[in-house]
Amino acid sequence: MKKIVSSIIVSLDGKVAGKNGELNMFKVEEEFFDMSNELTEAADIALYGKGTYYIMQSYWPTAADSPTASKHDKEHSAWYKKVPKFVVSTTLKSSDAPNATIISSNVAEELKKLKQGSGKNIQIFGSPGLVRSLTEQKLIDEYWMFIYPTIIGDGMPLFKDMKHAADFKLLESRALKSGAVALHYETLR
C-alpha cells in the first residue's frame, strides 16, 4: 500500500508563510534540495492543494530548460513532468497540464483509492491547507517537517483551527547546515 508523505517548511512559531503568502524568510540550500530529491525518488505521485499546484505548475515544467538550471532544478523538473499530479480543490475544475487530475469531492475516498495502488509514495510538497485537512482525517502517513530558525509572527499557521488531536512517532531527525532541523514523523493511529 502507498503512503501519503508530507514535506513542508515551518518556522519556529509554526508558520508556513508570511501573512501574504511570502516564503522569502526560509533560506533553503543544497542539503534541503538533496533531501527533497530523496523524497521524489521514493514517490510516483504528486499531491497538491490548489495554491501550491499553481506555484509548481508555473515553474517546474520548464525549470530544466534554463542554461543556468541547477542539478536540483533538472532532477525535480524531470520528476514533476513524469508523475501523475492530483490537485485537491473545490474551485479548480480542470487543468491543461499533462498528468493532472482535479479531486473536488469525496477527497478521503479518492485518496484511499490512490493509496491502495501499488508503487511508491504519494508526495505532498507544501500545500498547508491540504496538509491540515488531511491531518484532521488521519490520511497522511508520514511527515517531513523542515523547521527553520526564524519566527514569522503574523503569518500562516500550519495547524490552524485543528479540531482533533494527533500523535506522531519520531522516525529520524537531521540537523542541516543552514540551522534548520528536518524531522521525520510517522502518524500514530
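For the structure itself, look to the data block above.
Residues numbered from 1 in each chain as written. Predicted model: local features only at pLDDT ≥ 70, side-chain atom pairs only at ≥ 80, totals over all residues. Heavy atoms only, no water.

Chemist: Could you clarify how one ought to interpret the packing of aromatic side chains in this entry?
Modeler: Any aromatic ring pair is given by two values, namely how distant the centres are and how the planes are angled relative to each other. All told, the structure shown has 10 aromatic pairs when counted by the stated rule. Plain terms: the ring middles of Tyr 53 and Tyr 54 are 6.3 Å apart, the flat faces sit at 40° to each other, and that makes the pair tilted. Using a relative accessible area of 45% as the deciding quantity, one classes Tyr 54 as partly exposed. Three or more aromatic residues joined by ring pairs make a cluster, and in this case those are Phe 32, Phe 33, Trp 144 and Phe 146. A cation over a ring is seen here: Lys 85 above Tyr 80, with NZ or CZ 4.6 Å from the ring centre. (Phe/Tyr/Trp six-rings, centres within 6.5 Å; stacked < 30°, edge-to-face > 60°. Buried < 20%, exposed > 50% of the residue type's maximum accessible area, 1.4 Å probe, protein only. Lys NZ or Arg CZ within 6 Å of the ring centre and 35° of its normal.)

Chemist: Sorry, what's going on with the side chain of Lys 15 here?
Modeler: Tracing the sequence through the fold places Lys 15 in strand S2 (residues 15–18). Apart from residues lying up to four places away in sequence, Lys 15 is in contact with Ile 9, Val 10, Phe 26, Ile 152, Gly 153, Gly 155, Met 156 and Pro 157. (Helix = DSSP H or I, 4+ residues; strand = E, 2+ residues; numbered from the N terminus. Contact = heavy atoms within 4.5 Å.)

Chemist: Would you explain the pairing of strand S10 (residues 181–188) in this entry?
Modeler: A regular strand places its side chains so that they alternate between the two faces of the sheet. One ladder, built from 6 bridges, connects strand S7 (residues 142–148) with S10; its direction is antiparallel. Each residue of the ladder has a partner; that of Tyr 143, found in S10, is Tyr 185. Pairing of strand S9 (residues 167–175) with S10, which is carried by 8 bridges, proceeds in the antiparallel orientation. Residue Glu 172 lies in a different strand from S10, and its bridge partner there is His 184. Connecting S9 to the antiparallel partner S10 that follows it, the hairpin turn spans 5 residues, and Gly 179 within it adopts a positive phi of roughly 100°. (Pairing = 2+ DSSP bridges.)

Chemist: How should I be thinking about the nonpolar core in this particular structure?
Modeler: For soluble globular proteins, nonpolar side chains are generally found buried alongside one another. Residues Tyr 48, Tyr 53, Trp 79 and Phe 146 are the most contacted members of the largest nonpolar core, which totals 29 residues. Going through the elements one at a time, strand S1 (4–11), helix H1 (30–41), strand S3 (43–49), helix H2 (50–59), helix H3 (71–82), strand S5 (100–103) and S7 are the ones with two or more residues in this core. Look past the residues within four positions of Phe 146 in its chain and what remains in contact with it is Ser 7, Ile 8, Ile 9, Val 10, Phe 32, Met 35, Leu 176, Val 181 and Ala 182. In this structure, Val 10, Val 107, Leu 139 and Tyr 143 belong to the second largest nonpolar core, which totals 23 residues. (Core = buried A, V, L, I, M, F, W, Y, C linked by side-chain atoms within 4.5 Å.)

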